[in-house]
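Notes for the structure review
Below are the chains, spelled out letter by letter.
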Amino acid sequence: MTNARIADALEELSVLYQLDGADRYRVLAYTNSARTIRNHGSSVEEMARAGTVTELPGIGETLEEKILALVETGEIPAAAELKEKLPSGLIEINRIPGVGPKTVRRLHDELDVTGPEDLRAAAEAGQVRSLKGLGPKIEENILEGLDRLEAEPEGPERKTLDRMLPLAEELVGALRGHPDCDRAEIAGSVRRMADTCEDIDLIATSHSPKKLATFIAGHESVSSSGNASENGIRLETQSDIGVDLRLARPEAFGNLLQHFTGSAAHNTRLREAAVAEGLHVSEHGIKDGKTGENDRFRTEEEVYERLGYSYIEPTLREDRGELEAAREGKLPDLVERRQVRGDLHCHTTLSDGRNTFEEMAAAAQELGYEYLAITDHSASHGFGDNVEAGRLLEQIEEIRQFNEKGGELRLLAGSEVNIHPDGTLDYEDDVLAELDWVIASIHTGFSRSEATMTARMIAAIEHPEVDCIGHASGRLLTRRDPYPLDYEAVFEAAARSGTAFEINGNPKRRDLSDVHARMAREYGVKIVLNTDAHSTAGLEYMAYAIATARRGWLGADDILNTAPWWKQPLSK
DNA sequence: GCCGTTTTCGGCCCGACTGTTTTCAGTCG
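Just so it is clear, the model here is predicted, and its values are computed rather than measured.

1. Concerning the overall build of chain A
The secondary structure content of chain A amounts to 23 helices and 17 strands. Taken over the C-alpha trace, chain A has a radius of gyration of 26 Å; the compact-globule value for 572 residues is 25 Å, and the two agree within 12%. Each principal axis of the C-alpha atoms in chain A carries an extent, and together these give about 80 × 60 × 50 Å. Here chain A holds 572 residues, and 53% of them are scored as buried. Sequence separation of at least 24 residues holds for 67% of the intrachain contacts in chain A that already meet a minimum separation of 6.

2. What to know about the protein's contact with DNA strand B
Close contacts around DNA strand B come from 40 residues, with Gly 60, Gly 135, Arg 271, Glu 272 and His 280 the closest. For DNA strand B, the backbone portion of the atoms within 4 Å of the protein, that is sugar and phosphate, comes to 80%. In this structure, a phosphate oxygen belonging to DNA strand B sits 3.4 Å away from a main-chain N or O atom of Lys 102. Here Glu 272 contributes a side-chain N or O atom positioned 2.4 Å from a phosphate oxygen of DNA strand B. Those elements giving two or more residues to the surface near DNA strand B turn out to be helix H2 (24-38), helix H4 (61-73), helix H7 (101-111), helix H9 (136-151), helix H14 (264-275) and strand S8 (279-282). Residues that form the surface near DNA strand B fall into these classes: 16 nonpolar, 15 polar and nine charged.

3. A closer look at helix H13 (residues 253-261)
Counting buried positions along H13 gives nine out of nine residues, so the element sits mostly inside the fold. Listed in full, the buried residues belonging to H13 are Phe 253, Gly 254, Asn 255, Leu 256, Leu 257, Gln 258, His 259, Phe 260 and Thr 261. Phi for Gly 262, located one or two positions after H13, is positive at around 70 degrees.

4. Some details on the domain arrangement of chain A
Each domain of chain A was delimited in the assignment, giving domain 1 (3-151), domain 2 (159-248), domain 3 (258-328) and domain 4 (337-562). Just the C-alpha atoms count here: the centres of domain 2 and domain 3 sit 23 Å apart. Contacts between domain 2 and domain 3 engage nine residues on the former and 11 residues on the latter. Buried area between domain 2 and domain 3, summed over both chains or domains, comes out near 840 Å², and the portion from carbon and sulfur atoms is 49%. Here domain 2 and domain 3 share two salt bridges between them. Taking the shortest distance from any N to any O, the salt bridge between Arg 191 and Glu 300 comes out at 2.8 Å. There are six residue pairs in polar contact (both at pLDDT 80 or more) connecting domain 2 and domain 3. Going through the elements one at a time, strand S2 (181-187), helix H11 (188-191) and strand S4 (199-206) are the ones with two or more residues in the side of domain 2 that touches domain 3. Its residues assigned to classes, the side of domain 2 that touches domain 3 shows three nonpolar, one polar and five charged.

5. Structural notes on the packing of helix H20 (residues 450-462) against helix H21 (residues 487-497)
Remark: H20 packs on H21, axes separated minimally by 9 Å, with the N-to-C direction vectors making an angle of 10 degrees. Overall, the two elements H20 and H21 adopt an arrangement that is roughly parallel. Listed contacts from H21 to Thr 454, Met 457, Ile 458, Ile 461 and Glu 462 of H20 are Ala 489, Val 490, Ala 493, Ala 494, Arg 496 and Ser 497. Its residues assigned to classes, the contact of H20 with H21 shows seven nonpolar, two polar and two charged.

6. Comments concerning the pairing of strand S7 (residues 242-248)
Working note: regular strand, side chains alternate between the two faces of the sheet. Across the seven residues that make up S7, a large majority, six, are buried. Two elements, S4 and S7, share seven bridges in a ladder whose sense is parallel. Within S7, the residue paired with Leu 202 across the bridge is Leu 245. Note: strand S6 (residues 232-237) against S7, five bridges, orientation antiparallel. Its bridge partner being in S7, Ile 233 is matched across the sheet by Leu 245.

7. Considering helix H22 (residues 514-522)
With respect to burial, H22 is a largely interior element, seven of its nine residues being buried. If you check which residues of H22 are buried, you get Asp 514, Val 515, His 516, Ala 517, Arg 518, Met 519 and Ala 520. Elements in contact with the buried residues of H22: H21, strand S16 (500-504), strand S17 (527-530) and helix H23 (542-551). Gly 524 sits one or two residues past H22 and shows a positive phi near 80 degrees.

8. Describing the pattern of salt bridges
Counted under the stated rule, the structure contains 43 salt bridges. Residues Arg 550 and Glu 313 are paired through a salt bridge, measuring 3.1 Å at the closest nitrogen-oxygen approach. Pair noted here: Arg 550 is in helix H23 and Glu 313 is in the loop between helix H15 (300-306) and helix H16 (322-327), with a separation of 237 residues, a long-range link. Among the ionic contacts, a cluster of salt bridges with common partners joins Arg 192, Glu 318, Arg 320, Asp 514 and Arg 551.

9. Observations regarding the sheet that holds strand S14 (residues 437-441)
The seven strands lie next to each other as S11-S12-S13-S14-S15-S16-S17, forming an open sheet whose pairing is parallel. What marks the edges here is a single partner per strand, and that holds for strand S11 (342-343) and S17. Its contacts with the sheet put helix H17 (residues 357-366) on strand S12 (371-377) and strand S13 (410-418), and the angle it makes with S12 is roughly 145 degrees. Along the sheet, H23 makes contact with S11, S16 and S17, crossing S17 at roughly 150 degrees.

10. Quick word on the sheet that holds strand S5 (residues 222-225)
One open sheet holds the five strands; their spatial order is S2-S4-S7-S6-S5, and the pairing between them is mixed. Two strands bound the open sheet, and with one partner strand each, they are S2 and S5. Neighbour to neighbour, the strand axes of the sheet diverge by 25 degrees on average, direction disregarded. Its contacts with the sheet place helix H10 (residues 161-176) against S2, S4, S6 and S7, and it is angled at close to 170 degrees to S2.

11. Structural notes on the nonpolar core
By size, the foremost hydrophobic cluster in this structure holds 62 residues, and its most contacted members are Met 457, Phe 501, Leu 512 and Leu 529. Sequence-distant contacts of Leu 529, that is, excluding residues within four places in its chain, are made with Val 340, Gly 342, Asp 343, Ile 503, Met 542, Ala 545, Ile 546, Ala 549, Ile 559 and Asn 561. Ile 37, Ala 48, Leu 107 and Leu 131 belong to the second largest nonpolar core, which has 46 residues in total.

12. Remarks on the pairing of S16
With five of its five residues buried, S16 lies for the most part within the structure. Taking every second residue as pointing to the same face, both faces of S16 are buried, with Ala 500, Glu 502 and Asn 504 on one and Phe 501 and Ile 503 on the other. Pairing between strand S15 (residues 468-469) and S16: two bridges, direction parallel. Note that in S16 the partner of Ile 469 across the bridge is Phe 501. With respect to chirality, the unit in which S15 leads through H21 into the neighbouring parallel S16 is right-handed. Pairing analysis gives four bridges linking S16 to S17, with the strands arranged parallel.

Rules used throughout
Residues numbered from 1 in each chain as written. Chains lettered and ligands numbered in written order. Predicted model: local features only at pLDDT ≥ 70, side-chain atom pairs only at ≥ 80, totals over all residues. Heavy atoms only, no water. Helix = DSSP H or I, 4+ residues; strand = E, 2+ residues; numbered from the N terminus. Rg over C-alpha atoms; globule rule 2.2 N^0.38 Å. Buried < 20%, exposed > 50% of the residue type's maximum accessible area, 1.4 Å probe, protein only. Contact = heavy atoms within 4.5 Å. Near = heavy atom within 4 Å. Polar contact = N/O pair within 3.5 Å; in protein donor to acceptor, adjacent residues only side chain to side chain. Nonpolar A, V, L, I, M, F, W, Y, C, P; charged D, E, K, R; others polar. Domains from an automatic or database assignment. Buried area = accessible area lost by both parts, 1.4 Å probe. Salt bridge = Lys/Arg side-chain N within 4 Å of Asp/Glu carboxyl O. Axes fitted to C-alpha atoms, helices over the stretch in contact; angles between N-to-C directions. Parallel < 35°, antiparallel > 145°, perpendicular 65-115°, else oblique. Pairing = 2+ DSSP bridges. Core = buried A, V, L, I, M, F, W, Y, C linked by side-chain atoms within 4.5 Å. Right-handed = clockwise from strand over helix to strand, strands pointing away.

Pasting the structure below:
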């Protein structure tokens, strides 16, 4: 059972407990454990079976027992009992914004509501407003929420970072250009460079905050907006992306930025730790519980320093051990864009790319790279974009001729070869031996078992001509789940054979993920930052590969393509 | 339900907003 599936089950149980009226801290224990498990790289099922799962923070004996029952029987007894008691439709109703567990429980107890259909009937009949504390406005919200629930049963769509970042930058630019703006910055999950984001968080400081809020509501990308207040404004944009702008006075810029950068889990942990020292942290400052004095800071560095931490980069703020590391001065020196010397995965018109290798080379040189690997698809690739061995050998010769011209950029002759379902590759070894750089990737047969997928990948890892594994999980963010894979086993094999793993920077992939990239480093596996560019513009995806590496605690030393090409420790 | 160089029991982050209320509960991020 995957960690994601275990986390889903615990999250469901937390909702059930909530609807059942359980103590909020008990509910919190379940949601926290779900998050911890979702963020853990190696198999939690194995940890549970080995009796080591209580080593994870926030998981004690009770949760261990429940996780063990889940992986052994496919069900948590407590969840099954609660489902008997509470109609499943109540969980759906709970997803309507503004309708929390307390309200759901009252709708069930007092109006016999069991699901969305009942609720719609009750709301249309005006029964909801008859309950004490509920009124016509809430009834209206419920009906709107039910419509949305029908239209989007999965909830508000999370969007990949590339859809958010340009809009966020444009809006922050507009804010900065306004005379009443002191400083403005992107915050939230966009600033943390998360894989996907639900909305855009912006912060700004101003002496006339309300004027600034009113100004941004008039931006051409804004389709509608809430009320402009001293504290901020909520916007909806033409591209269906929600934007929260938070405002404060200039002297608290650091507090505001720290608070709204999050993550929620990072901030919660930060505030809990501060309370132990009598300090109360909020977006307005750091308050001393004894003296009542509230300190405001202009920079985040000062906020962290006041609380006893070294500065924590936004990409690390996910409650994955960064606070402890910052207290002990053990944060990693994260890789930076300027340290990347080349890109080792791109496509050309030879397979399914849009530009020739000469055009790709020119673009790579523009980016200041020293080398670029041309890695078109291989012989068995579908959609007519396959490259037969004979044609590949011709391209190798063309690339050698290109290099002989003595330009500044060195091209590497490579290929992205398919790993067949049986673990073999789709070029003969003597063809692969002609190449400078071989990436092996899985493009077909995703629905095999974990054991099969793992054996298949290990076969490729151990192949003497393979240098690197491409987009290892096969996930497409918001569209396709990763296939099952035993990461401990593949990283062990890769560390043994000296095979690297890429972080694919395509914003739909970000694969390896941050969690698995970090895990790979712990196993001693070298990482390559690649774009998988299918056009010259695609080379810009390096920014996302770097973001994932930084979220995965990686430094330049962990990454092969921060070194000159001739220093690459090739596996062949 | 978890956790402890203040605690093995009694704590467990902070504030804004909304809709319903004359002082607040519930929800959200």
